[in-house]
Amino acid sequence: MNTVGRGYLTWSAREKRAFLKGLVFISPWLVGFFVWVAYPILSSIYYSFTRYDVLRDPRWVGLDNYRNLILGDDLFTKTLLNTLYFAAFAVPLSNIYAFLLALLLNSPIKLRSFFRTIFYIPSIVPTVASAMLWMYIFNFNIGLINNILVSLGMTRLPWLTDPAWAKPSLIVVSIWSSGTAMLIYLAALQDVPRSLYDAAKVDGANLWRQFWNVTVPLVSPAILFNVLMGFIGAFQSFTFAWILTKGGPNNATEFYALYLYRNAFRHFKMGYASAMAWILFIIVILVAVVLFKSSARWVYYGGASHEGAV
Amino acid sequence: MNEKTKRLTRRDFLRLSALATSGAVITACARPTPTPVVIEKVVTKEVEKVVTATPAPVRELTLDFWFGWSGVWGDACKELANAFEEQNPGITVNTVEHGWAQEKLLTAFAGGVPPDVMEHYAPIEFAAREQLLDIDPRIANSAVIDKDNYFDVMWAASTWQGKLYGIPAFGFGADDCLIMQNQATETAGLDLDDPPQTWDELFVWADKLTTMDEAGNLLQIGFDPRDGVADYPYCWANSFGMGVYDPEAQKFSFDDPRWVDIFNLINDWIHHWGGPQKFEGFRETYGGWLAPTSSFCQGTQILQLNGYWSPGEIALKCKKELDWSYAWAPRAADYKDETYQILGGHNATIPKDSKYPDEAFRFLEYLSTDEAQRIVFFMAGGYVSTKSWLEKANVDFYPGLEFYINSPAEADNLYIYEPCPVDFVIWDQWYTQLDAVLWGDKTAEEAAADMYKNATAELESALAG
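Remember, it's a predicted structure, so these values are computed and weren't measured experimentally.

Asker: An account of the packing of aromatic side chains is requested, with residue identities and associated values reported.
Answerer: Residue and element names in this part refer to chain B. Counting across every chain of the model gives 73 aromatic pairs over all chains. Ring plane angle 45° and centroid distance 6.3 Å describe the contact between Trp 199 and Phe 223, whose orientation is recorded as tilted. A residue pair is termed long-range when its members are at least 10 positions apart, and Trp 199 in helix H9 (residues 199-209) and Phe 223 in strand E11 (residues 218-223) qualify at 24 residues. Accessibility expressed as a relative area gives 1% for Phe 223, which makes it buried. Measuring from centroid to centroid gives 5.6 Å for Tyr 308 and Tyr 383, while their planes differ by 70°, and the two rings are edge-to-face.

Asker: Tell me about helix H8 (residues 179-190) of chain A, and name the residues and values.
Answerer: Residue and element names in this part refer to chain A. End to end, H8 covers 16 Å across 12 residues, agreeing with the expected 16 Å (1.5 Å per residue, within 8%). For H8, the set of buried residues is Gly 179, Ala 181, Met 182, Tyr 185, Leu 186, Ala 188 and Leu 189. Where the residues of H8 are buried, they touch helix H3 (74-106), helix H4 (112-124) and helix H10 (207-235).

Asker: Quick one: what's the story with the interface of chain A and chain B, residue by residue and with numbers?
Answerer: Contact with chain A, which involves 29 residues of that partner, is made by 34 residues of chain B. Regarding the contact of chain A and chain B, the summed buried area is about 2,900 Å², with carbon and sulfur atoms giving 51% of it. Remark: the boundary between chain A and chain B carries five salt bridges. Residue B:Asp213 pairs with A:Arg156 through a salt bridge whose shortest N-O separation is 3.9 Å. The interface formed by chain A and chain B includes 15 residue pairs in polar contact (both at pLDDT 80 or more). For the side of chain A that touches chain B, the element with the highest residue contribution is helix H12 (residues 256-266) of chain A, accounting for five residues. Per-class residue counts for the side of chain A that touches chain B are 13 nonpolar, six polar and 10 charged.

Asker: Could you give an account of helix H11 (residues 258-272) of chain B, with specific residues and numbers?
Answerer: Residue and element names in this part refer to chain B. When the terminal C-alpha atoms of H11 are compared, their 21 Å separation across 15 residues agrees well with the 21 Å that a helix rising 1.5 Å per residue should span. Buried within H11 we find Trp 259, Val 260, Ile 262, Phe 263, Leu 265, Ile 266, Asn 267, Trp 269 and Ile 270. Of the surrounding secondary structure, the elements contacted by the buried residues of H11 are H9, E11, helix H10 (233-239), helix H12 (276-286), helix H19 (423-438) and helix H20 (444-464). Gly 274 sits one or two residues past H11 and shows a positive phi near 105°.

Asker: Got a sec to walk through the packing of helix H3 (residues 71-87) of chain B against helix H16 (residues 370-380) of chain B? Specific residues and values, please.
Answerer: Residues and elements named next belong to chain B. Their axes nearest at 9 Å, the elements H3 and H16 cross at an angle of 150°. One element, H3, and the other, H16, form an angle in the roughly antiparallel class. Relative to H16, the crossing made by H3 is right-handed. Listed contacts from H16 to Val 72, Trp 73, Asp 75, Ala 76, Glu 79, Leu 80, Ala 83 and Gln 87 of H3 are Glu 371, Ala 372, Ile 375, Val 376, Met 379 and Ala 380. Its residues placed into classes, the contact of H3 with H16 shows 10 nonpolar, one polar and three charged.

Asker: I'd love a proper account of the pairing of strand E9 (residues 177-181) of chain B, names of residues and values included.
Answerer: Residues and elements named next belong to chain B. Within E9, five of the five residues are buried, which leaves it mostly tucked inside the rest of the structure. Here E9 shows two buried faces, one formed by Cys 177, Ile 179 and Gln 181 and the other by Leu 178 and Met 180. The sheet contact formed by E9 and strand E14 (residues 301-306) spans four bridges and is antiparallel. Looking across to E14, one finds that Leu 178 is bridged to Leu 305. With five bridges connecting them, E9 and strand E15 (residues 324-328) associate as antiparallel partners. Residue pairing across strands places Cys 177 opposite Trp 328, the latter belonging to E15.

Asker: Account for the environment of A:Tyr300, with residues named and values stated.
Answerer: Residues and elements named next belong to chain A. Tracing the chain through its elements places Tyr 300 in the loop between helix H13 (270-298) and helix H14 (306-309). A residue is classified by how much of its surface remains accessible, and Tyr 300, at 42% relative accessible area, is partly exposed. Expressed as a C-alpha distance, the spacing of Tyr 300 and Leu 84, which sit 216 residues apart in the sequence, is 28 Å. Excluding residues that lie within four positions of it along the chain, Tyr 300 makes contacts with Pro 217, Leu 218, Ser 220 and Pro 221.

Asker: If you had to explain the pattern of salt bridges to someone new, which residues and values would you point to?
Answerer: Residues and elements named next belong to chain B. All chains considered together, the criterion is met by 25 salt bridges over all chains. The closest approach of N and O atoms between Lys 147 and Asp 136, which form a salt bridge, is 3.0 Å. Note that Lys 147 is positioned in the loop between helix H6 (136-141) and helix H7 (152-156) and Asp 136 in helix H6, a separation of 11 residues in sequence. The class for Asp 136 is partly exposed, based on a relative accessible area of 25%.

Asker: Give me the lowdown on the state of the cysteines, citing residues and values where you can.
Answerer: All names here are of chain B. One pass over the full model with this rule turns up one disulfide over all chains. Between the sulfur of Cys 297 and that of Cys 318 lies a disulfide, 1.9 Å long from S to S. The chirality of the disulfide connecting Cys 297 with Cys 318 is left-handed, given an S-S dihedral of about -40°. Taken together, the residues span a long stretch of sequence, with Cys 297 in helix H13 (residues 295-298) and Cys 318 in the loop between helix H14 (310-317) and E15 at a distance of 21 residues. Residue Cys 297 is classed as buried on the basis of its relative accessible area of 0%. For Cys 318, a relative accessible area of 4% translates into the label buried. Cysteine Cys 420 remains unbridged, with the sulfur of Cys 235 as its closest cysteine sulfur at 18 Å.

What counts as what
Residues numbered from 1 in each chain as written. Chains lettered and ligands numbered in written order. Predicted model: local features only at pLDDT ≥ 70, side-chain atom pairs only at ≥ 80, totals over all residues. Heavy atoms only, no water. Phe/Tyr/Trp six-rings, centres within 6.5 Å; stacked < 30°, edge-to-face > 60°. Helix = DSSP H or I, 4+ residues; strand = E, 2+ residues; numbered from the N terminus. Buried < 20%, exposed > 50% of the residue type's maximum accessible area, 1.4 Å probe, protein only. Expected span 1.5 Å × (residues − 1). Contact = heavy atoms within 4.5 Å. Buried area = accessible area lost by both parts, 1.4 Å probe. Salt bridge = Lys/Arg side-chain N within 4 Å of Asp/Glu carboxyl O. Polar contact = N/O pair within 3.5 Å; in protein donor to acceptor, adjacent residues only side chain to side chain. Nonpolar A, V, L, I, M, F, W, Y, C, P; charged D, E, K, R; others polar. Axes fitted to C-alpha atoms, helices over the stretch in contact; angles between N-to-C directions. Parallel < 35°, antiparallel > 145°, perpendicular 65-115°, else oblique. Left-handed = near helix turned anticlockwise from the far one by under 90°. Pairing = 2+ DSSP bridges. Disulfide = S-S within 2.5 Å.

What follows is the structure in C-alpha cells.
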C-alpha cells in the first residue's frame, strides 16, 4: 500500500483503516511522547517567561529571566564558560583517545577481545561508582596518582581541590569513560574495505598516508556522530562534577547543568531554570548547525552528496 | 562509672521501651471505649501538670513520615515511628529518608502527594510557599504539646507571618560551642581551663596546634574555620554580635561592615596556614564534621565549633582513647565579654496536602514527649531542648553534654536561625562569596556587597510570589 504523497482525504477507506490501526498500535509510544516529552518541552517554553517556584502558580515576567541571566548573573556566565571550556577540551580529546584506542583494538594484537572488553567497561560501570573510584584516585593525600608522584620524588597535585586543576581532572575522567565512542569507531573501522588499503599500497602510500587518506575519510561520518553526541553530552555534564567536586572549588567545576539544577530545585526557580534550559538548547543547536555545515568539507559520504546523505 | 557501663545498647533500649510501652499498647488495644489515658507528665520550671489525651477512634491508615537522615539518626527516626505505631493501633507509619533532596520534596509537593509528616531544618522555605499546615490552632487545643515547655525562640524558627508551621523535634539545641581535644591541647602547653574567648585568641591556639610537612601540606589542623558550624554564616554573624536576617524588617545584615571583617578574618587564617588548597586537600582526605573518619574524630583536627549533637556523636563515633572539653564559642574582640548561643535544629511539619492531618498531628504530639526524646538521645545522641527534658536528662551520660544543656540559659545573647523564605540562598551566597575571597577573585568588600545584592534580589523575588 503506497499512501506516500497523497493526502489523507484522498485515501481509500481501507487505507484510512490501516492508517488508524497503525496509530492504535503505536499509541503507547505516542501517548508517552506527548505526555512525557512534548508537553514538558512546550511547558518549559512557557515557564521560561514566568516566575515559577513549582509550588505556586507561575507569574508572567516576560523576558526578565533571560535578561537577568545574560546581564545580571555572574555565576551564569561563569558556569557557561566552565562548560564551554570542558566541552572544548573533553570532546576532541575523548574522540582522539577513542579513535586511537579503536585503531589499536582493530589491529591484530593478542588478547584483542579481552582488551576491547576492558576498555569498554568504563562505559557500563554506573557513573556514581566510577566517580567514587576517581575520588580515591584523585585524593590529595591518599590518592593513587599522588602516591605514585610522591614515590617518584615529585610533589602532590591538587587534582580536585584547586580551581586550576579541577576542570582538567574532570576532563581526564571524561576521556576515560569514552568507551561508547570507541565502540562506534571500531565498528566504523571494520567497515572500511580492505581493497582500499591494498589499492593505496599499490599506489605507494605509506602507513600515515593510508591512515590519513583512507581511514579518516571513511570513518569521518562516525567522527561527526561522536563529536556531535560528545558536545551534547558535555553541555549536559552533571554527575561526575556533582559527586567529585560539588561544583567547587570556587565554582571552577560548576557546570551549566549543575547551576540549572540548583536554580530549579534548591532555589525554587523553575522559571529561571527553564530559561537556562532554552539558552542551552539554542547553544547546542548552534554547535550542531556549525558541525553539520562544516561536515560538507570533512565528512565523506561515499558516492552521495552531503545533502543527499543527510 | 566508666563509659562502657553507662552506655545503654540499642538492644537494651528496645527491651526497656517494649516493657514501658506494653502497658500503653494493652490499654490502647482494649478498644471500644476511648477513655483518657496519661500520655506524659510534663514538668516545667513553673508548674507540674499531668496532661492527658483522648485516643482518637481507631481507624486503619498509613502515615507517610519523611526525614532527612540515614545512619543512627535515621534509625532513631524509624524507632520513633515504631514506638508511635505501638501506641496507636491501626496506624502504620511508613518511613522514607528524603536526604533533604529538594528534587524529591518539591516533586512530591508539586504532585500533591507530600508526606503526612516531614522533618526539615528549613521549614520556612515550604511555609512561605503555602505548603505547610498552620498547626497553631491544633497546638492550642493539644493536651500534650505545651508551648511553655520550650524556649520561646524555638517556636520563632518555624513561625512565618504569625503562623506556626512546625514543632522542634528530633534534635534542636545549642549549636555553637568550642570543642577542644584534651590530649593535643595539653601537649601543646595550652590551658584547657582558660580557653580562647576571641577569634584572635583562638588563632593563637590554632597556630600552636597546626603542623605541616616539608612540602607545606597540613598534617594536623588546629582549627578549620570551614568545618563544623564554623562553616555556617550564622556562627560568624552571632560571634560579631549580629544576626543574618531580620524577619520583621525582611532584610539581610550583609550590608553591615562586620561582614567585611568576617571575610577578611577567615581569609587571613586560611592563607596563614597555606591557603585554601591546603585546607581543601586536608578536608578531601578526612571529610569533615563528626564522621568516624573525620579529622576531628581521628584526632588530626584539634579544635572545632559544633552543636548539641556533638557529645553524643563523639561518644558514638570518635576515637575512644581521646577526650574533649567544651567552652563558649569565640567572639570578635568587641564582644569578648558577651557570650552567645544559638538554638537551632529540626522541625516536624505537616504538609497542607497531608492525607491524615489529625493523625499526623498526633504523631507530632508523640514527638514532643520525653519518651521520643529518650529514643533520639540514646540512639543518636541528640535531643530537643525542652525544659522537661533538660531537667531530667542525665548530663553525665555523654561527656560535655552539660555545657550544651546549660549554655542557652546562661548565654548573654541567645540567637536562632532566623526564619527566612530563601534560606538556601543564604547558604549558597555565603559559600560562593567566601570562596571568591579565599581564592582571590574578590575583595572582602566586593564579596559582602555582592552577597547583599544577590540575597536581597532573591528575597524580593520570593516574597513577590
